[in-house]
Amino acid sequence: MKKILLSATIHRVGERIYPIIPKLSEQFSIDVVKTSQMGNNFDWYGDVDFRNIFEDKYKSYCRQIMYDLPDVRDYDLILFDDCRPRNNLNKLGSHAKINKIPTLAHYEGNGYLEQSGANIVQRDSQYWDKISLFGKKDVSKYLNTGFGSEFNFVAGGIPSNDKLAEYENTQKHILVIVNFLGNRQCPFKVTLNEKFIDDCGLVDLQNQFNKKIIFKLKSRKDNPKVSSDINYLKQIVDNKLDYEIIMDCEDDNKLICDSEIVISSPSTLAFKSIQKGIPTILIKNSGLDGSFSDYKGLVDLNKKIIFEELERQIKTKKDVKFIEQTIEGGLNFNSSDIYINNIRRMLNED
């Protein structure tokens, strides 16, 4: 068996590809190096330590899990869970380039192209041979920067979303996915504050659909005080609202599939509900538009507009065209196979 080294650095990014490990281990010998936020010396933030969950899920499929950088010459390919040259990934990438070991880095998330532009191609080509993007649309965007001949991009979808196919949509709640709360500095115009709750029409939504509202907060390394965020939200939520607050969730796919409606910032997590055909509203100016820039459900924070868009989505169902262009394998929930086939081609196994 050929040997593959997988870096695990930031769970929130890497969790999109970690689920390929069991299938990948059927064809290749897998080692994992855990550093940065996935390393042993990191003080975990949030309320669920995903390092332990990673071990429980994937340890049995790996030859070994390491915490120090290994000799890259032992491997036939290195798979990076992030495409930003930091957290020791730049060291691994540089050593791999010197030793002519193929490297595949994973797209950091929605909006990375919007942040980095063509500069990513010039900067990152010294570390990675290829970057796996979500879909054809993102690949086209990068090629249009003019550097397509100098760098390689592949469409690999979001493997962690494949599991959505195993769940029924139970319509138990209305899910609100939060990017930034109004109690801290934020690079975006719209945060979740009292105005957001009023302008979004959450009370009216609850009255119409008779479902509990669940606020899904985002755990952040630079804001590890979970209680302060929860207390802030409790202070601003309308007392007429029946709601629950959660932060880290062991099974995001189930959380999404238990939703009747999803309201979110432009977040990678929102791809799940769109793939599942759940009415999904994304609020403009609450995050980077990125891969959602052509999504019809990306609207202004305005109750009338939001309700009209929800009505349209309820009638039209799943946005097949958007999914086809944006997430490779997103319609058939087979991104994992596509991702692994891309790896096989890099190793001349296909």
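All values derive from a computational prediction rather than experimental measurement.

Enquirer: Lay out the overall build of the protein in plain terms, naming residues and giving numbers.
Expert: Scanning the protein for helices and strands turns up 15 helices and 13 strands. Taking 350 residues into account, the globule formula puts the C-alpha radius of gyration at 20 Å, and the protein, at 20 Å, falls close to it. Counting over 350 residues, the protein shows a buried share of 57%. A sequence separation of at least 24 residues applies to 72% of the contacts in the protein between residues at least 6 apart. Summed over its atoms, the accessible surface of the protein is roughly 15500 Å², and 42% of this surface lies on carbon and sulfur atoms. Placing the 49 positive and 50 negative side-chain charges of the protein at their respective mean positions leaves the two points 2 Å apart.

Enquirer: So what's going on with helix H13 (residues 303–316)? Which residues, and what values?
Expert: With 14 residues, H13 extends 20 Å between its outermost C-alpha atoms, agreeing within 8% with the 20 Å of an ideal straight helix rising 1.5 Å per residue. Among all positions of H13, only Ile-306, Glu-309, Leu-310 and Gln-313 are buried. Mapping the buried residues of H13 onto a view down its axis gives an arc of 105°, with all of them on the same face. In H13, the exposed positions angled more than 90 degrees off the buried face are occupied by Lys-304 and Lys-315. Structurally, H13 contributes buried residues whose contacts are with helix H8 (194–200), helix H9 (202–209), strand E11 (259–264), strand E12 (280–283) and strand E13 (298–299).

Enquirer: Give a description of the packing of H9 against H13 that names residues and reports values.
Expert: In contact at an axis separation of 11 Å, H9 and H13 are set at 35° when each is read in the N-to-C sense. H9 and H13 meet at a crossing whose hand is right-handed. Facing H9, whose interface residues are Asp-204, Leu-205, Gln-208 and Phe-209, H13 presents Lys-303, Phe-307, Leu-310 and Ile-314.

Enquirer: Could you give me a rundown of the state of the cysteines, with the residues and numbers involved?
Expert: Scanning all chains against the criterion turns up 0 disulfides. Cys-186 provides the cysteine sulfur closest to Cys-200, a residue in no disulfide bond, and the two sulfurs are 16 Å apart. The class for Cys-200 is buried, based on a relative accessible area of 0%.

Enquirer: Explain the pairing of strand E1 (residues 3–8) residue by residue, including any values.
Expert: Burial analysis of E1 places 5 of its 6 residues in the buried class, which makes it a mostly covered element. Looking at chain direction, E1 and strand E2 (residues 29–34) are connected through 6 bridges and run parallel. Bridge pairing in E2 places Ala-8 opposite Lys-34. Where E1 lies against strand E4 (residues 77–80), 3 bridges are found, and the strand directions are parallel. Across the sheet, residue Ile-4 finds its bridge partner in E4, namely Leu-77.

Enquirer: Could you give an account of the nonpolar core, with specific residues and numbers?
Expert: Within the largest apolar cluster, 34 residues are counted, with the highest numbers of intra-cluster contacts made by Trp-128 and Phe-292. Looking at this core, the elements with two or more residues in it are E4, helix H4 (89–98), strand E6 (130–133), helix H7 (136–147), strand E7 (152–155), helix H12 (270–276) and helix H14 (320–326). If we skip the residues at most four places from it in the chain, Phe-292 touches Asn-110, Pro-266, Ser-267, Thr-268, Ala-270, Phe-271, Ile-274, Leu-282, Leu-298 and Phe-322. In this structure, Val-237, Leu-241, Ile-281 and Leu-301 belong to the second largest nonpolar core, which totals 32 residues.

The rules behind the values
- Residues numbered from 1 in each chain as written.
- Predicted model: local features only at pLDDT ≥ 70, side-chain atom pairs only at ≥ 80, totals over all residues.
- Heavy atoms only, no water.
- Helix = DSSP H or I, 4+ residues; strand = E, 2+ residues; numbered from the N terminus.
- Rg over C-alpha atoms; globule rule 2.2 N^0.38 Å.
- Buried < 20%, exposed > 50% of the residue type's maximum accessible area, 1.4 Å probe, protein only.
- Contact = heavy atoms within 4.5 Å.
- Areas by Shrake-Rupley, 256 points an atom, 1.4 Å probe, with all protein chains shown as cover.
- Lys, Arg positive; Asp, Glu negative; His and termini not counted.
- Charge placed at Lys NZ, Arg CZ, Asp CG, Glu CD.
- Expected span 1.5 Å × (residues − 1).
- Arc of directions from axis to C-beta.
- Axes fitted to C-alpha atoms, helices over the stretch in contact; angles between N-to-C directions.
- Left-handed = near helix turned anticlockwise from the far one by under 90°.
- Disulfide = S-S within 2.5 Å.
- Pairing = 2+ DSSP bridges.
- Core = buried A, V, L, I, M, F, W, Y, C linked by side-chain atoms within 4.5 Å.

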